[in-house]
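Residues per chain, in single letters:
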Amino acid sequence: MNIGFIADSNRKDLIENFCVAYKSILSKHNLFATEMTGRRIEQATNLHVHKFLSGSVGGENQFIDRIQRNDLDLVIYFYNPIETSPNQLDILSVTQACDRYNIPVATNIATAESMILAMDRGDFDWRNNVRHDD
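Residues numbered from 1 in each chain as written. Predicted model: local features only at pLDDT ≥ 70, side-chain atom pairs only at ≥ 80, totals over all residues. Heavy atoms only, no water.

Participant: Could you clarify how one ought to interpret the sheet that holds strand 2 (residues 30-33) in this entry?
Facilitator: Paired through their backbone hydrogen bonds, the strands of a sheet run either parallel or antiparallel. With parallel pairing, the five strands of this open sheet are ordered in space as 3-2-1-4-5. The sheet terminates laterally at strand 3 (49-51) and strand 5 (105-106), the two strands that pair on one side only. One ladder, built from four bridges, connects strand 1 (residues 2-7) with strand 2; its direction is parallel. Paired with Gly 4 across the bridge in strand 2 is Phe 32. (Pairing = 2+ DSSP bridges. Helix = DSSP H or I, 4+ residues; strand = E, 2+ residues; numbered from the N terminus.)

Participant: Can you help me understand the packing of aromatic side chains in this one?
Facilitator: Note on aromatic pairs: each is described by the distance of the centres and the angle between the planes. Under the criterion given, the structure shown has five aromatic pairs. A ring pair is formed by Phe 18 and Tyr 22, whose centres lie 5.0 Å apart and whose planes are at 45°; its orientation type is tilted. The exposure class of Tyr 22 is buried, given its relative accessible area of 15%. Judged by centre distance (5.0 Å) and plane angle (70°), the ring pair of Phe 52 and Phe 63 falls under edge-to-face. With Phe 52 in the loop between strand 3 and helix 4 (59-68) and Phe 63 in helix 4, this residue pair connects regions lying eleven residues apart in the sequence. (Phe/Tyr/Trp six-rings, centres within 6.5 Å; stacked < 30°, edge-to-face > 60°. Buried < 20%, exposed > 50% of the residue type's maximum accessible area, 1.4 Å probe, protein only.)

Participant: Sorry if this is basic, but what is going on with the side chain of Asn 2 here?
Facilitator: Along the chain, Asn 2 turns up in strand 1. Among the polar contacts made by the side chain of Asn 2, one reaches the side chain of Asn 30 at a distance of 2.9 Å. (Polar contact = N/O pair within 3.5 Å; in protein donor to acceptor, adjacent residues only side chain to side chain.)

Participant: Explain helix 3 (residues 35-45) here, please?
Facilitator: An α-helix turns once every 3.6 residues. As a result, residues three or four positions apart point the same way. Those residues of helix 3 lying buried are Thr 37, Gly 38, Ile 41 and Thr 45. One side of helix 3 carries all its buried residues, which in axial view fall inside an arc of 100°. On the buried face of helix 3, the contacting elements are strand 1, helix 1 (12-21), helix 2 (23-26), strand 2 and strand 3. Asn 46 sits one or two positions beyond helix 3 and adopts a positive phi of about 65°. (Arc of directions from axis to C-beta. Contact = heavy atoms within 4.5 Å.)

Just geometry here; none of it tells us what the structure is for.
Set out below in structure tokens:
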């Protein structure tokens, strides 16, 4: 499966810790992330991450492109819902694209954990019938 990760600046530690906790599951899949998030995941886990540009210079657009091509099977996008984010439009664009193309998306740790565990059980194997590999 192809898993995409995005984390706002104040959520980088959270996504890093999440990936460390689920490293054994994530190691079986292809990981994609915006540049800084990808570097942080790689440093914390020693897993390979395909990195897009930084979010501020087009990384979210690259994510959306992959979503529109049905090339991501799951997206985890951690942001702080309490603070007003300068990335509000990016968050909305990514989550709307996931909704439009039926890509499961998690924006909080509880949903992300549920989805990763479900994926590991094979609950997302239906994605193999709709995904377009490069």
